[in-house]
Amino acid sequence: MSTQVHHAEPGIFQKYFWSTDHKMIAMQYMFTGMAMALIGGFLAYVFRMQLGFPNKSVPGFGIVTPGKYNAVVTMHGSIMIFWVAMPILIAAFGNFLIPLMIGADDMAFPRINRLSYQIFLVSIVVLLASFFVKGGAFGGAWTAYPPLSASGAYNLTPAGATLWLVAVALEFVAFLLGGINFTVTTMNSRAPGMKMFDIPLVVWMIVLASVIFMASVGPLIAGAIMLLFDQTLSTGFYDPSRGGDPLLWEHLFWFFGHPEVYVVLLPAMGIVAEVITVFARKKMFGYKTILYTAWATGVLSFVVWAHHQFVAGIDPRMANIFTVTTLLISVPITEMVFLYIATLYGGSISLTTPMLWALAFVAEFMIGGVTGIFLGASGTDIYLHDTYFVIAHFHYTFVPIAIISVFAGITFWYPKMFGRMLNETLGKIHFWGTVIAFNVIFIPLFMTGVAGDQRRVYSYAQFAEQARPELQHLRTTSTIALLVMLSFQVIFLINFFWSLRNGKRAEANPWRSTTLEWTAPSPPPHGNFAELPTVYRGPYEYGLPGRAEDYWPQNDPS
Amino acid sequence: MWQRYIIEASTYAQSIDHLFLLIAALVGFWFIVAETVFFWLIFTFRKKDGRPTQHITGEEKHLVRWITIPHFLVILCDIVILVPAIMVWYNVKEAMPPAEQTVRVIGQQWAWSFQEPGPDGILDTADDIRTVGDLHVTVNTTYHFELESRDVVHSFAIPSFRLKQDALPGRTITGWFRPDRVGTYDIQCTQICGIGHAMMAGRIIVETPQDHAAWLLHNSNPSAASEPAAPASQSGSSIVAEVRR
């Protein structure tokens, strides 16, 4: 063995695939997440084409049979939540930002970090393999309610169902490892002088999200193992004829599934906080209050799960309790949004591309928030449950979370990640094309939902009330808007990859920001900082009277 | 606005729709106020040369009230929504008005089948009428339905009635409706149940008492009414006992 070799510049494999550098792992997560977003987007294109133009052969896919339709919607949901939103929002931004923003040279457990990504990659291999097994990919919806999901005789995708479950379980392992790492790193590796309330909001939010995830995922892992046994060993945990209960899965699933909404929401709120403060040149309005509302939301998110099950056959009296808790959770979230809006007051707002994305997040997320009240109120949920109103509602939360805030984050930190600036003109074209098309996709779906369109149905031909032409026009409108939105993503990809080599070189702090990541060179070298920084103040000191510059970096001793 | 999309054909359809409109008015108000303030701030505080930004921590008393007052108003609105929401829920799902007629609804991959009492008005006797896909009911009559599933989770939904209830294998869930408008309406399955999910359509035909009586006569065997029949399912026997009590 030649030990000298290891001191040399690492080879391509070592550098890109076996790295323990948090920035490289962040990039691995980000590019993998972006690739999965392309797959998830393609799946959306397939089933929207079937709904917009029923029974026509979909270019690039073919005829969408009922079985394929079920598989495609199941995989779209699973991929977008578990393999796009979580890896990008938590793993990519968490890995990239946490050490840089708290002034550390790397994560607390770099090798666990590497392992986390490798397990995540295996989970993707398992998931993608399920498309090619006998029977095809799992077709029982991302919620996987048994007995449908428990028996191949019912779902007709026996191999796909098991592979889906294994893939989800592996993904959970990856994020448990990641969550431990984010929490420990933030608690232990902060720069000298950085107190709890000096931590930038995005770091706080990712840590809170990790804690919520780790606390809620346990019951679901237990549930998933029981489901795996039902599938493969013919046990009867969810089979009523053998003493099991399908409702058990629904409770375990949603005990995780609802906190999961806040697991992805909080990091998105964090990203938006960083962007808004920089481009409004404003201190965050009520930094501590935002943290308290985030904690309150996190705690409350554990007691709202059964609002997914109002009409599922639970004791109807239980719905009253969960209606109260669900409407209660609107209070901290509304307050958080008010604080973001209030932050704009007295600012000096420049509408750069990242700022447009961040403001769009606030504007669009409010639609998702207010429409949630219709579903949280048990009385109206009787009708709206499992209609397209639900789909439109949660896409008005998830698209701002997983698409809009991610674009805010990528366009904002791109100079730090790659040392180059993105093209502003292309960025703005991409922004307007995406945001306008997004609204044209989902506003019609609120209307078809109110008209009674039920979910996960490949054709409405059998339902006289839904087969009316005016509803079909709405579905077709939505599909065409999706095609527009997807095609605008090409502009983003061109901008992203072209700017990697040809963008204007970025200085260390192009946005004149206060947080620590901007004191490192762009892009930061291995180890991040030439000299580890010391922190003297909170993260959002803009517009202080009596200072020459309108910003006061956290590490500036003067 | 809402009826343009879907008609109201049961007694509780209107109460659910009114709740929808109440929520729409309240959250609509907040939504418009918040978005207006939001865009006004973006416009008013757009970047202008020579105008410094203000240093505000968000802990100043005169500013914090702009958050705390709306905060309490939001709680108030939540309560204004909560009370009618729970009242509607209670009326539809908890309080069961006494049944004038009882039917059994069975979901299975991928059809709805129904068991309706024959001319004797009693379920689980030999003159019961069993149908697949079509459920015939009389207008202005309170029905209880005994909902069952033979295989996976289904959801029994009649959009025009604003009725939705999941059907679970292994248990019988009882609900009610009272149709108040003659006509034929869709029955959906709203819980994914396999590849035939989109085929799991049914119709509910709401008839006048005369039409329903004619349909009953045409489809049943009146001579069999007095003979007790073997219960349709295992859970059936207990229901028979309950109905006769």
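Keep in mind that what you see is a predicted model, and the values were worked out from it rather than measured.

Draft legend 1. Fine view of the overall build of chain A. Along chain A, the regular secondary structure elements total 15 helices and zero strands. Taken over C-alpha atoms, the radius of gyration comes to 24 Å for chain A, in line with the 24 Å a tight globule of 558 residues would show. Structurally, chain A occupies a C-alpha span of about 70 × 65 × 45 Å along its principal axes. Expressed as a percentage of the 558 residues in chain A, the buried residues total 61%. In chain A, once contacts between residues fewer than 6 apart in sequence are set aside, the share between residues at least 24 apart is 81%.

Draft legend 2. Focus on the confidence of the model for chain B. Residues and elements named next belong to chain B. For chain B, mean pLDDT is 87; residues scoring 70 or higher make up 88% of the total. Per-element averaging of pLDDT across chain B places helix α4 (residues 236–244) at the bottom with 34 and strand β6 (residues 154–158) at the top with 97. Overall, residues 225–245 carries pLDDT values under 50, and its contacts beyond four positions in sequence, including any with other chains, amount to 28 contacts. Model confidence for the complex is summarised by a pTM of 0.93, with the ipTM given as 0.92.

Draft legend 3. The arrangement of the sheet that holds strand β4 (residues 134–138) of chain B in detail. Residues and elements named next belong to chain B. Across the sheet, which stays open at both edges, the five strands sit in the order β4-β10-β9-β6-β7 with mixed pairing between neighbours. Pairing within the sheet leaves two strands with one partner each, and these edge strands are β4 and β7 (163–167). Neighbour-to-neighbour, the strand axes of the sheet open up by a mean angle of 20°, direction not taken into account. Across five bridges, β4 lies against strand β10 (residues 202–207) in parallel orientation. The partner of Leu 135 across the bridge, within β10, is Ile 204. Taken strand by strand, helix α3 (residues 209–219) contacts β4 and β10, and its axis lies near 130° from that of β4.

Draft legend 4. Main features of the interface of chain B and chain A. Each side of the interface is counted separately: chain B has 74 residues, and chain A has 81 residues. Elements supplying a minimum of two residues to the side of chain B that touches chain A: α1 (13–44), α2 (61–94), β6, β7 and β9 (183–189) of chain B. If one sorts the elements of the side of chain B that touches chain A by residue count, α2(B) sits on top with 17 residues. Looking at the side of chain B that touches chain A residue by residue, the classes come out as 44 nonpolar, 16 polar and 14 charged.

Draft legend 5. Broad picture of the sheet that holds strand β1 (residues 101–108) of chain B. Residue and element names in this part refer to chain B. The five strands lie next to each other as β3-β2-β1-β5-β8, forming an open sheet whose pairing is mixed. Each of the sheet's edge strands pairs with one partner strand only, and the pair in question is β3 (129–132) and β8 (173–177). Adjacent strand axes in the sheet meet at a mean angle of 25° when their direction is disregarded. Pairing analysis gives seven bridges linking β1 to strand β5 (residues 143–149), with the strands arranged parallel. Counted as the bridge partner of Ile 106 is Glu 148 from β5.

Draft legend 6. Representation of the packing of helix α2 (residues 22–52) of chain A against helix α4 (residues 110–129) of chain A in the model. Residues and elements named next belong to chain A. Close contact between α2 and α4 brings their axes to 10 Å; oriented N to C, the two are set at 15°. In terms of orientation, α2 and α4 fall into the roughly parallel class. Relative to α4, α2 is oriented so that their crossing is left-handed. Counting all contacts with α2, which are made through His 22, Ile 25, Gln 28, Tyr 29, Thr 32 and Met 36, the residues of α4 involved are Pro 110, Asn 113, Arg 114, Tyr 117, Leu 121 and Ile 124. Among the residues making up the contact of α2 with α4, the classes are represented as seven nonpolar, four polar and one charged.

Draft legend 7. Molecular detail of the packing of helix α9 (residues 287–300) of chain A against helix α10 (residues 316–343) of chain A. All names here are of chain A. With their axes 9 Å apart at the nearest point, α9 and α10 run at an angle of 160° to one another. Judged by the angle between their axes, α9 and α10 are roughly antiparallel. α10 is crossed by α9, and the crossing has left-handed handedness. Seen from α9, the contacting residues are Thr 289, Ile 290, Thr 293, Ala 294, Ala 296, Thr 297 and Leu 300; seen from α10, they are Thr 325, Leu 328, Ile 329, Pro 332, Ile 333, Glu 335, Met 336 and Leu 339.

Draft legend 8. Inspection of the environment of B:Ala213 at higher detail. Residue and element names in this part refer to chain B. Tracing the chain through its elements places Ala 213 in helix α3. For Ala 213, a count of 13 C-beta atoms within 10 Å translates into the label partly exposed. For the pair formed by Ala 213 and Thr 138, sequence separation is 75 residues and the distance between their alpha carbons is 8.8 Å.

Draft legend 9. Seen up close, the pairing of β10(B). Residue and element names in this part refer to chain B. Residue alternation in β10 divides its side chains into a buried set, Gly 202, Ile 204 and Val 206, and an unburied set, Arg 203, Ile 205 and Glu 207. Two elements, β9 and β10, share five bridges in a ladder whose sense is antiparallel. Looking at β10, one finds that Thr 184 is bridged to Ile 205.

Draft legend 10. Up close: the environment of A:Pro400. Residues and elements named next belong to chain A. The topology assignment puts Pro 400 in helix α13 (residues 388–418). Taking the C-alpha atoms as reference points, Pro 400 and Ala 108, 292 residues apart in sequence, are found 31 Å from one another. Not counting chain neighbours up to four residues away, the residues in contact with Pro 400 comprise Phe 361, Glu 364, Phe 365, Gly 368 and Ser 405.

Draft legend 11. Local environment of the nonpolar core. All names here are of chain A. Residues Ala 85, Val 272 and Ala 402 are the most contacted members of the largest nonpolar core, which totals 247 residues. Broken down by element, the residue count for this core peaks at 25 residues, all from helix α3 (residues 66–102). Excluding anything up to four places from it in sequence, Ala 85 contacts Met 80, Val 264, Phe 398, Ile 401 and Ala 402.

Draft legend 12. Summary view of the confidence of the model for chain A. Looking at chain A, pLDDT values average 94 and 98% of them are 70 or higher. Across residues 1–6 of chain A, where pLDDT falls below 50, the model places zero contacts with residues more than four positions away in sequence or in other chains.

Draft legend 13. Looking closely at unusual backbone geometry. Residues and elements named next belong to chain A. The peptide bond linking Pro 146 to Pro 147 adopts the cis configuration, its omega dihedral lying at 0°. Between Ser 522 and Pro 523 the backbone carries a cis peptide bond, its omega angle lying at -10°. Topologically, Pro 523 is positioned in the segment after α15 (469–502). Phi angles above zero are rare outside glycine, and Asn 528 is one such case at about 70°. With respect to the secondary-structure elements, Asn 528 resides in the segment after α15.

Procedures and definitions
Residues numbered from 1 in each chain as written. Chains lettered and ligands numbered in written order. Predicted model: local features only at pLDDT ≥ 70, side-chain atom pairs only at ≥ 80, totals over all residues. Helix = DSSP H or I, 4+ residues; strand = E, 2+ residues; numbered from the N terminus. Rg over C-alpha atoms; globule rule 2.2 N^0.38 Å. Buried ≥ 20, exposed ≤ 12 C-beta atoms within 10 Å, placed from the backbone. Contact = placed C-beta atoms within 7 Å. pLDDT = per-residue confidence, 0-100. Pairing = 2+ DSSP bridges. Axes fitted to C-alpha atoms, helices over the stretch in contact; angles between N-to-C directions. Nonpolar A, V, L, I, M, F, W, Y, C, P; charged D, E, K, R; others polar. Parallel < 35°, antiparallel > 145°, perpendicular 65-115°, else oblique. Left-handed = near helix turned anticlockwise from the far one by under 90°. Core = buried A, V, L, I, M, F, W, Y, C linked by C-beta atoms within 7 Å.

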